[in-house]
Amino acid sequence: MTTFLGQTNLPYIEGKPLAKTLALGDTPNLEAVLQAGPDLILARKPEQKVYDQLSQVAPTVILDIPSDWRQAFREVGTVVGHEKQAEEWLSNYDKKAADIRGEISGYVKPGSTFLYLRIMPKEIRVHGTQELFGATLFQDLKLTPVPGLEQVKRIEPISLEKLPDYDADYIFLQVGSPPREATNRPKRTSPPSPSPPSGRT
């Protein structure tokens, strides 16, 4: 697989299930692909430019990954002949999401609004309701987005002066991008049991 910031052990995956994965570089190293000897290559649309070279190594499928991660997941399942397993996984995921929604309702007042905000070195980003973690919060967990967030189609940089326009009751805040050494962080421990929030967070 190609790497992310030089790593195959992604910082948001528990443990190191990809520790033995052959790293192909942040952009695919064709020589490394050849040495890996794959039976099938799944590539993203940016790799279209090297499709001819990749297809000489093994059958290659270029996936135009949609913003809807569920659709993307189903497409991969179809390519590898595991449509049934993909649907079973999604069904289990939805059951877990429903359980978590029930837990959240015990701590959050009905109608409370949420925002996912990311602070980057040079800009502040607001994530829309369909994009990445925003989709998890607002589509899967069915939290209520702060008014105005529905206007954000994907990810929108905003100025600090505009931040009060998104006056949410709760903010999920992410700071920066994971560094290359992110996978060397101490292993996370289980957090203590949550207690009902007091006031605005």
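Look above for the structure.
Conventions we followed
Residues numbered from 1 in each chain as written. Predicted model: local features only at pLDDT ≥ 70, side-chain atom pairs only at ≥ 80, totals over all residues. Heavy atoms only, no water. Helix = DSSP H or I, 4+ residues; strand = E, 2+ residues; numbered from the N terminus. Expected span 1.5 Å × (residues − 1). Buried < 20%, exposed > 50% of the residue type's maximum accessible area, 1.4 Å probe, protein only. Contact = heavy atoms within 4.5 Å. Axes fitted to C-alpha atoms, helices over the stretch in contact; angles between N-to-C directions. Parallel < 35°, antiparallel > 145°, perpendicular 65-115°, else oblique. Left-handed = near helix turned anticlockwise from the far one by under 90°. Nonpolar A, V, L, I, M, F, W, Y, C, P; charged D, E, K, R; others polar. Salt bridge = Lys/Arg side-chain N within 4 Å of Asp/Glu carboxyl O.

Asker: Go over helix α4 (residues 83-105) with me, naming the residues and quoting the values.
Answerer: With 23 residues, α4 extends 33 Å from end C-alpha to end C-alpha; this agrees with the ideal 33 Å at 1.5 Å per step. Along α4, the positions that sit buried rather than exposed are Ala 86, Leu 90, Tyr 93 and Ala 97. Taken together, the buried residues of α4 touch α3 (69-79) and α5 (133-140).

Asker: Describe unusual backbone geometry, naming the residues involved and giving the relevant values.
Answerer: Positive phi outside glycine occurs at Lys 142, with the angle close to 55°. Assessed through its relative accessible area of 56%, Lys 142 is described here as exposed.

Asker: Now, about the packing of α3 against α4: what can you tell me, with residues and values included?
Answerer: At a minimum axis separation of 7 Å, α3 and α4 run at an interaxial angle of 150°. The orientation of α3 relative to α4 falls into the category roughly antiparallel. Between α3 and α4 lies a crossing whose hand is right-handed. On α4, the residues that touch Trp 69, Arg 70, Phe 73, Arg 74, Gly 77 and Thr 78 of α3 are Glu 83, Ala 86, Glu 87, Trp 89, Leu 90, Tyr 93 and Asp 94. Among the residues forming the contact of α3 with α4, the class breakdown is six nonpolar, two polar and five charged.

Asker: So, the pattern of salt bridges: which residues are in play, and what are the values?
Answerer: A pair can form between side chains of opposite charge whenever their charged atoms are brought close. Taken as a whole and judged by the stated rule, the model has eight salt bridges. In this structure, the salt-bridge partner of Asp 94 is Arg 70, at a minimum N-O distance of 2.7 Å. With Asp 94 in helix α4 and Arg 70 in helix α3, this residue pair connects regions lying 24 residues apart in the sequence. You can call Asp 94 partly exposed: its relative accessible area is 34%. Using a relative accessible area of 17% as the deciding quantity, one classes Arg 70 as buried. For Glu 156, the salt bridge identified is with Lys 162, shortest N-O distance 3.4 Å.

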